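Here's the letter readout for the chains.
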Amino acid sequence: GAGVSQTPSNKVTEKGKYVELRCDPISGHTALYWYRQSLGQGPEFLIYFQGTGAADDSGLPNDRFFAVRPEGSVSTLKIQRTERGDSAVYLCASSTGGTGELFFGEGSRLTVL
Amino acid sequence: AQSVTQPDIHITVSEGASLELRCNYSYGATPYLFWYVQSPGQGLQLLLKYFSGDTLVQGIKGFEAEFKRSQSSFNLRKPSVHWSDAAEYFCAVGASIGDTDKLIFGTGTRLQVFP
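What counts and how
- Residues numbered from 1 in each chain as written.
- Chains lettered and ligands numbered in written order.
- Predicted model: local features only at pLDDT ≥ 70, side-chain atom pairs only at ≥ 80, totals over all residues.
- Heavy atoms only, no water.
- Phe/Tyr/Trp six-rings, centres within 6.5 Å; stacked < 30°, edge-to-face > 60°.
- Helix = DSSP H or I, 4+ residues; strand = E, 2+ residues; numbered from the N terminus.
- Buried < 20%, exposed > 50% of the residue type's maximum accessible area, 1.4 Å probe, protein only.
- Pairing = 2+ DSSP bridges.
- Axes fitted to C-alpha atoms, helices over the stretch in contact; angles between N-to-C directions.
- Contact = heavy atoms within 4.5 Å.
- Buried area = accessible area lost by both parts, 1.4 Å probe.
- Salt bridge = Lys/Arg side-chain N within 4 Å of Asp/Glu carboxyl O.
- Polar contact = N/O pair within 3.5 Å; in protein donor to acceptor, adjacent residues only side chain to side chain.

S.K.: Could you clarify how one ought to interpret the packing of aromatic side chains in this entry?
M.R.: For any pair of aromatic rings, geometry is given as the distance between the ring centres together with the angle between the planes. The full count for this structure, using the stated rule, is 14 aromatic pairs over all chains. On the basis of an interplanar angle of 75° and a centroid distance of 5.8 Å, the ring pair of Tyr35(A) and Phe45(A) is categorised as edge-to-face. Of this pair, Tyr35(A) sits in strand β4 (residues 31-37) while Phe45(A) sits in strand β5 (residues 44-50), and the two are 10 residues apart along the sequence. Judged by its relative accessible area of 0%, Tyr35(A) falls in the buried class. Given the relative accessible area of 8%, Phe45(A) is considered buried. These aromatic residues form a ring-pair network of at least three members: Tyr35(A), Phe45(A), Phe104(A), Tyr36(B), Phe90(B) and Phe105(B).

S.K.: I would appreciate a short explanation of the sheet that holds strand β1 (residues 5-7) of chain A in the present structure.
M.R.: Strand pairing in a sheet relies on backbone hydrogen bonds. The paired strands run either parallel or antiparallel. Residues and elements named next belong to chain A. Pairing in this open sheet of four strands is antiparallel, and the strands run β1-β3-β8-β7 from one edge to the other. A single partner strand is all that each edge strand has here, and the edge strands are β1 and β7 (65-68). Taken pair by pair, the neighbouring strands of this sheet meet at an average axis angle of 15°, ignoring direction. As judged from the four bridges shared by β7 and strand β8 (residues 75-79), these two strands associate in the antiparallel manner. From the neighbouring strand, Phe65 faces β8, where its bridge partner is Ile79.

S.K.: Explanation requested: the interface of chain A and chain B in the structure shown.
M.R.: Reports of interface size often rely on the accessible area that becomes lost once the parts have come together. Each partner contributes to the interface: chain A provides 23 residues, whereas chain B provides 21 residues. Together chain A and chain B conceal approximately 1,700 Å² of surface at their shared face, both sides included; 50% is due to carbon and sulfur atoms. Three residues, Gly98(A), Gly100(A) and Phe104(A), lead the burial of chain A against chain B; their summed loss comes to 26% of the area buried on that side. Here chain A and chain B share one salt bridge between them. Its salt-bridge partner being Lys102(B), residue Asp56(A) comes within 3.2 Å of it at the nearest N-O pair. In this assembly, chain A and chain B are joined by five residue pairs in polar contact (both at pLDDT 80 or more). Breaking the side of chain A that touches chain B down by element, the ones donating at least two residues are β4, β5 and β9 (88-95) of chain A.

Pasting the structure below:
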């Protein structure tokens, strides 16, 4: 597709379970970002990839959160031992880098019961 | 640390009326400033950005914003609002533009448009 694709669009899980969220960026975009948007808040930075490496993971809230981008394209955000406070919309964005224009997907809404 | 404040959580205007959404930032150096719009069922979309130069920047959909260093503001304006402009608007600041586009977002302003 032409835009950033995120799957699943909705995920409901139970407290303590493991979750994976996938992001397929725009073809050719080397930079990939994960943001988290809680209800009534703006997007909050989690992690940034340039190519395959995580260039900045300063926004990951704790070690239950991890993200990979093994081939420099698709990325997966992994959340272990989910907690109710992890409930949010997880946004992925990609860019060519250096322009300030991020192209966002529609997000994956995670609900932890 | 960088921060962005959007003082208005919710704004309601009539179609055809003018609009101004406020944004204040906190950053030690010259900031890179952005406005994004989030419509229901759609991803965030860039409206406009300011890096340097002319402090009045034009964006898509008839929006403009003015950078005022003395007021640490970057307010978004539109002379005549259309019903399709109803959405959530986010102001954002970027630390640097090199190989990174890491942005800090405000909490957003929800715009409602009455016919």
